Amino acid sequence: MIFGRTNKIWQSSSWIIALALLAPVLVMLASSIGHSGDTFSHLWQTVLPTYISNTIWLTFGVVALSLLFGVPAALLVSQTNLYSAKVLRWALLLPLAMPGYLVAYLYTDLFDYAGPVQRLLRELFGWQSPSDYWFFDIRTLSGATVILALVLFPYVYMLGRTALEQQDKSLLRAGRTLGLTARQSLIKIALPLARPAIMVAASLVMMETIADFATVQYFAVNTLTTAIYDTWLGYSDMAAANALASVLLLFVLFAVVAEQKSRAGQRHQSVRPNTSNDKLVLTRMQQLLAVSFCWVLVVLGFVLPFVLLAIMAIDYAQIDQLAKLGEIGLATIEVSAYAATIAVVISLTLALLNRFYPVRINSLPLQISGFGYAVPGTVLAMALMASFGPLDHWLNDIAVAINIEKPGLILSGTTFAIIFAFVVRFAAIANGTVNSGIAKIPHSIDKAPASLGIGLLSTIRQVHLPLLKSSILVAWLLVFVEAMKELPAVLLLRPFNFETLSTFIYQLISDEQLEQGAIGAIFIVLFGLIPIVWLNKDNQSS
Amino acid sequence: MIKKIIGISALIATSFSTFASEVNVYSYRQAFLVEPLFNEFTKQTGVKVNVVFAKKGMAERLEREGEHSPADVLLTTDISRLIELQEKSLLQPVNSAVLEQAIPSQFQADDNTWFGLTTRVRNIYSAKRLGNVDINYEDLADVKYKGKICTRSGKHPYNVALVSSMIAEHGEAKTLEWLKGVKANLARKPQGNDRGQVQAIHQGLCDVSLGNSYYFGKMINNDKQKVWADGVNINFPNQANRGAHVNISGVGVAKYAPNKSSAIALIEFLASEQAQQMYAETNMEYPVRAGVKKSELVASWGEFKSDALPLETIAKHRKTALKLLDQAQFDL
């Protein structure tokens, strides 16, 4: 312990924050213990086995594909003389700006039997009916897997690339002097060093996949999340629904443990970032393959859906919509920015506590505060209401007792609930990103200022925060973009007349009128792009 | 002292104005579908209508909010949701002579907690290439439609209500058999929404689909979707026997409505001739109020016989219907 006994105020506030974020999850667990009718056994005998196997295959497939897309992309961009790397560097992040449900809608529409692609083929070849030809069925488990991976791989790419770029190049050179080829030293030294960051990304992808409902719905794929909605809304069996949601938490536990394990034995830290230019030189053939690989990802994950949206927006442009959309856009940015800022501050508080006072009890807040990520948005919203509802009632009772005007539902009925939901849901992203940034700072640095008599807070402010700048930015950006795209929790928690761009588009999509919401969808994407571009600039100038 | 003055003047203000200046609506219907109606109401009364729209979890939200809930009016698209609200005691009875008179008694709760506003038929759409068909819901399980049927998820409330009506008519065992038969006849896994099925018929993927009546009108009025609708006929099933399955969209006043009088005023407006006419014209639904004309388009589909099954019975069989859908693995 570098700074002696744990700072009690810091420790207790960390625990309070972590428990507050965990509270909705605990409420959910608690209510799953209540009496559940025969719903569970009925589901088990009919559809649940299929739902579970779908969930496992989907999760496994999406994580595997995201790694397959993201890791090579990160390596190519950061470690080779890849042509157009300057553009690809940020272009590969663009799919993050696309809400999954939107991409799902656009692609199912495009490749469906009734969609333009198959229609064109039928016209070209004179086919009459589905039996005349074979075409892949987009609305399947594999279709959902590919599309989800296309929008989620940027996590792997982004965290992987950042880790690779911040590596100490002297290690790679050491490898070279020991007789490794450039490629061997990449695979044997650089990649293993980036493993913790990649594992963080993989666990984020995994949790995002598990919690997804809106996207897989377009693919007519039923997962555990479907079962949760069925039991809750169909059979009105909250206890069984919560029990199922708790099963999802097992997946999270698994992800958390896997991530921890991958970090064990990880002791390499450096503050000498990759400044040298000795990048792996690709042959012309390799160059061609690598460039196409990366650009195909950008095109499928971003350009194509964006162009489809743009065409719709031009065809159905309603100029009078713009003012309203601007207003909705600002509201969306506001709640998302609050959520991102709070999540980042929390992650710094928790992760630095664990850094300076590395005892077991101080590592727990960081871990337990991320559990909300795998809870589907609607379930989380319900749990929040169950937590805030009684608090609100209590506040109102007090108001009545001391004879002042009742405040109403100030916690559960306002944007407070929405921001809180965002933080609970996306804390894991901020924690993972910030913590893997902290892990890269050598411990020797922690002690140096202290030996000069500089206090802990000044050390953090003057040493750690500047070193963490890019991790903080990445964390903020990721939470911000995710919050902008979030749908189910906002839908249920929002106060009167409150719309985010997501809820606005969702209404139109669910009425088969995306055309009219296309401009709104483009707004989401553009607002998501601003931080991506901004972040990229910042990273390059530093 | 100042507090007292404010308090007293507030009291005076509320007792003098007939309505509060706002009314809060929790809506299962998309806001933009009902917005024109609300705007008209505001124009006439000066009462501002606040809306929050959500499909999932509205009843739970209301339940959690309890006596502090700001909700005045609940707007739903399906009888089962109304009954759910009624059974959870989230509604309060409304005694309104206006509503009694405007809305036929089979579209009102016995305890006056909910009121139907429009009805919609669960139609069977058939490809024009099939010519005129005389079809019953039961026929969807007939082998002659093997590989020719398209539908959205069986668990969508509209389909669940239809299955409930089948249970009421035929009992559980036969309904399960029917579901398995329909499942075997599907051209593809249940997916998309009602309009998507008509699009699939237009593209030749299937010949027959289930869909609510008003979608036909909406597709005809939509530039992109008109071609889909042009490829199909809208059929009213079971005309030679019990009649077509009908569901309602409806409304109720929240138990703890802070603006009760405005809430009732809004509902009375929605049941008025003017509003019912708007429902008919813009949403292509069947108005519940007698004497209100259907839209010209809807009227052109002709008169039909509807299933006289009480709405409460449909809601009663809902859970069984869901179970049967699971047993038949309808959506898998």
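Residues numbered from 1 in each chain as written. Chains lettered and ligands numbered in written order. Predicted model: local features only at pLDDT ≥ 70, side-chain atom pairs only at ≥ 80, totals over all residues. Heavy atoms only, no water.

Student: Talk me through the overall build of chain B; I want residue IDs and the actual numbers.
Tutor: Along its length, chain B carries 15 helices and ten strands. Rg of the C-alpha trace for chain B: 21 Å, near the compact-globule value of 20 Å for 332 residues, within the 12% margin. Principal axes of the C-alpha set define a box for chain B whose edges measure 80 × 40 × 30 Å. Put simply, chain B has 332 residues, and 59% of those count as buried. Put simply, 78% of the contacts in chain B that link residues at least 6 apart link residues at least 24 apart. On chain B, roughly 13100 Å² of surface is accessible, and the fraction owed to carbon and sulfur atoms is 53%. Side chains of chain B carry 40 positive and 35 negative charges; the gap between the two charge centres is 5 Å. (Helix = DSSP H or I, 4+ residues; strand = E, 2+ residues; numbered from the N terminus. Rg over C-alpha atoms; globule rule 2.2 N^0.38 Å. Buried < 20%, exposed > 50% of the residue type's maximum accessible area, 1.4 Å probe, protein only. Contact = heavy atoms within 4.5 Å. Areas by Shrake-Rupley, 256 points an atom, 1.4 Å probe, with all protein chains shown as cover. Lys, Arg positive; Asp, Glu negative; His and termini not counted. Charge placed at Lys NZ, Arg CZ, Asp CG, Glu CD.)

Student: Provide a residue-level description of the overall build of chain A, including the pertinent values.
Tutor: A count of helices and strands for chain A gives 22 helices and zero strands. A compact globule built from 542 residues should have a C-alpha radius of gyration of about 24 Å, and chain A, at 24 Å, falls within 12% of that. Burial analysis of chain A (542 residues in total) assigns 60% to the buried set. The contacts in chain A between residues at least 6 apart in sequence include a share of 83% that link residues at least 24 apart. Total accessible area on chain A stands at roughly 21600 Å², and carbon and sulfur atoms take up 68% of it.

Student: Can you lay out the interface of chain A and chain B for me, pointing to particular residues and giving the numbers?
Tutor: Chain A puts 52 residues into the contact, and the matching count from chain B is 54 residues. For the pair chain A and chain B, the summed buried surface comes to about 4800 Å²; carbon and sulfur atoms form 52% of the total. Scanning the region where chain A abuts chain B turns up one salt bridge. For K323(B), the salt bridge is made with D38(A), and the minimal N-O distance between the two is 3.2 Å. At the junction of chain A and chain B, the tally comes to 21 residue pairs in polar contact (both at pLDDT 80 or more). Where the side of chain A that touches chain B is concerned, the elements lending two or more residues are α2 (39-46), α3 (48-79), α6 (116-125), α11 (224-234), α16 (377-401), α20 (488-493) and α21 (501-509) of chain A. No other element matches the seven residues that α16(A) contributes to the side of chain A that touches chain B. (Buried area = accessible area lost by both parts, 1.4 Å probe. Salt bridge = Lys/Arg side-chain N within 4 Å of Asp/Glu carboxyl O. Polar contact = N/O pair within 3.5 Å; in protein donor to acceptor, adjacent residues only side chain to side chain.)

Student: Requested: an account of a nonpolar patch on the surface, with residues and values cited.
Tutor: The grouping of V296(A), V299(A), L300(A), V303(A), V307(A) and I311(A) at the surface amounts to a nonpolar patch, some 420 Å² of accessible area in total. Positionally, V307(A) belongs in helix α13 (residues 284-315). (Patch = residues over 30% accessible without salt bridge, like charges linked within 9 Å, V, L, I, M, F, W, Y side chains within 5 Å.)

Student: Can you explain unusual backbone geometry? Please cite residues and give values.
Tutor: All names here are of chain B. A positive phi is found at S89, a non-glycine position, where the angle reads about 55°. Positive phi outside glycine occurs at M284, with the angle close to 60°. Considering the arrangement of structural elements, one finds M284 in the loop between α12 (273-283) and β10 (286-287). For M284, a relative accessible area of 5% translates into the label buried.

Student: Talk me through the nonpolar core; I want residue IDs and the actual numbers.
Tutor: If you look at the biggest cluster of nonpolar residues, it comprises 299 residues, and the most contacted ones within it are L82(A), L92(A) and Y155(A). Composition of this core by domain shows at least three residues from each of domain 1 (20-119 + 246-300) and domain 2 (121-244 + 304-327) of chain B. Contact partners of Y155(A), with chain neighbours within four places excluded, come to L96(A), G160(A), A201(A), L204(A), V205(A), E208(A), Y373(A), I429(A), L478(A) and E482(A). (Core = buried A, V, L, I, M, F, W, Y, C linked by side-chain atoms within 4.5 Å. Domains from an automatic or database assignment.)

Student: Can you break down the pairing of strand β5 (residues 114-127) of chain B residue by residue, with the values?
Tutor: It is a general feature of regular strands that their side chains alternate between the two faces of the sheet. Residue and element names in this part refer to chain B. Taken across its 14 residues, β5 has 14 buried, putting it largely inside the fold. Pairing analysis gives seven bridges linking β5 to strand β9 (residues 246-254), with the strands arranged antiparallel. In the strand pairing of β9, T118 is matched with S249. Summarising the sheet, β5 and strand β7 (residues 208-212) pair through five bridges and their orientation is antiparallel. Pairing of S126 across the sheet is with V208, part of β7. Pairing of β5 with strand β8 (residues 232-235), which is carried by four bridges, proceeds in the antiparallel orientation. Bridged to I124 within β8 is N235. (Pairing = 2+ DSSP bridges.)

Student: So what's going on with the confidence of the model for chain A? Residues and values would help.
Tutor: When the pLDDT values of chain A are averaged, the result is 84; 94% of them are 70 or greater. Of all the helices and strands in chain A, helix α22 (residues 514-541) of chain A carries the lowest mean pLDDT, 75, while α3(A) carries the highest, 94. (pLDDT = per-residue confidence, 0-100.)

Student: Explain helix α17 (residues 415-439) of chain A to me, and be specific about the residues and the numbers.
Tutor: All names here are of chain A. A rise of 1.5 Å per residue sets the reference length of α17, with its 25 residues, at 36 Å; its end C-alpha atoms lie 34 Å apart and thus fit the reference within 8%. In α17, a bend of some 55° at F426 exceeds every other bend along the element. For α17, the tally of buried residues reaches 22 of 25 residues, placing the bulk of the element in the interior. (Expected span 1.5 Å × (residues − 1). Bend = angle between axes of the 7 residues up to and from the residue.)

Student: For the side chain of R355(A), give the residues involved together with the corresponding values.
Tutor: In this fold, R355(A) is placed in helix α14 (residues 321-356). One polar contact links the side chain of R355(A) to the main-chain carbonyl oxygen of P442(A), over a distance of 3.2 Å.

Student: Would you mind going over the pattern of salt bridges in detail, with residue names and values included?
Tutor: All names here are of chain B. Taken as a whole and assessed by the stated rule, the structure comprises 24 salt bridges over all chains. When the shortest N-O distance is used, the salt bridge between E138 and R242 registers 2.8 Å. Placement of E138 in the loop between β5 and β6 (149-150) and of R242 in the loop between β8 and β9 is noted, with a sequence separation of 104 residues between them. For E138, a relative accessible area of 24% gives the class partly exposed. Judged by relative accessible area, R242 falls into the buried class, the value being 13%. In this structure, the salt-bridge partner of D326 is K155, at a minimum N-O distance of 2.5 Å.

Student: Requested: an account of the packing of helix α9 (residues 182-211) of chain A against α17(A), with residues and values cited.
Tutor: Residue and element names in this part refer to chain A. The contact between α9 and α17 brings their axes to 10 Å, and the two run at 175°. One way to sum up the angle between α9 and α17 is to call them roughly antiparallel. Counted together, V200, L204, M207, E208 and A211 of α9 and R425, A428, I429, G432, T433 and S436 of α17 form the full contact between these two elements. Residues belonging to the contact of α9 with α17 are distributed by class as follows: six nonpolar, three polar and two charged. (Axes fitted to C-alpha atoms, helices over the stretch in contact; angles between N-to-C directions. Parallel < 35°, antiparallel > 145°, perpendicular 65-115°, else oblique. Nonpolar A, V, L, I, M, F, W, Y, C, P; charged D, E, K, R; others polar.)

Student: How would you explain the domain arrangement of chain B if you had to name every residue and give the values?
Tutor: Residues and elements named next belong to chain B. For chain B, the assigned domains are domain 1 (20-119 + 246-300) and domain 2 (121-244 + 304-327). In this structure, domain 1 and domain 2 have C-alpha centres spaced 26 Å apart. Across the boundary between the two partners, domain 1 contributes 20 residues, which contact 19 residues of domain 2. A buried area of about 1700 Å², summed over both sides, lies between domain 1 and domain 2, and 67% of it is on carbon and sulfur atoms. Contact with domain 2 buries surface across domain 1, with V246, M284 and Y286 losing the most and accounting together for 34% of the total.

Student: Tell me about the pairing of β7(B), and name the residues and values.
Tutor: Of all five residues making up β7(B), five are buried, and the element is well covered by its neighbours. Every second residue of β7(B) is oriented toward a common face, with V208(B), L210(B) and N212(B) on one face and S209(B) and G211(B) on the other, all of them buried.

Student: Help me get a handle on the packing of aromatic side chains, residues and values and all.
Tutor: Evaluated as defined, the whole model comprises 26 aromatic pairs over all chains. Each ring, one from W476(A) and one from F480(A), has its centre 5.0 Å from the other, and the planes form 10°; the classification is stacked. With W476(A) and F480(A) both in helix α19 (residues 456-485), this residue pair falls four residues apart, about one helical turn. The partly exposed category is assigned to W476(A), whose relative accessible area is 21%. Residue class for F480(A) comes out buried when judged on its relative accessible area of 5%. Ring geometry for F216(B) and W301(B): centres 5.4 Å apart, planes at 55°, overall tilted. Here W301(B) lies in the loop between α13 (296-300) and α14 (311-316) and F216(B) lies in helix α9 (residues 213-220), a separation of 85 residues in the sequence. Both residues of the pair, F216(B) and W301(B), count as buried. Grouped by ring-pair contacts, the aromatic residues Y107(A), F111(A), F135(A) and F136(A) constitute a single cluster. Between R122(A) and the ring centre of Y113(A), over which it is positioned, the NZ or CZ distance is 3.8 Å. (Phe/Tyr/Trp six-rings, centres within 6.5 Å; stacked < 30°, edge-to-face > 60°. Lys NZ or Arg CZ within 6 Å of the ring centre and 35° of its normal.)

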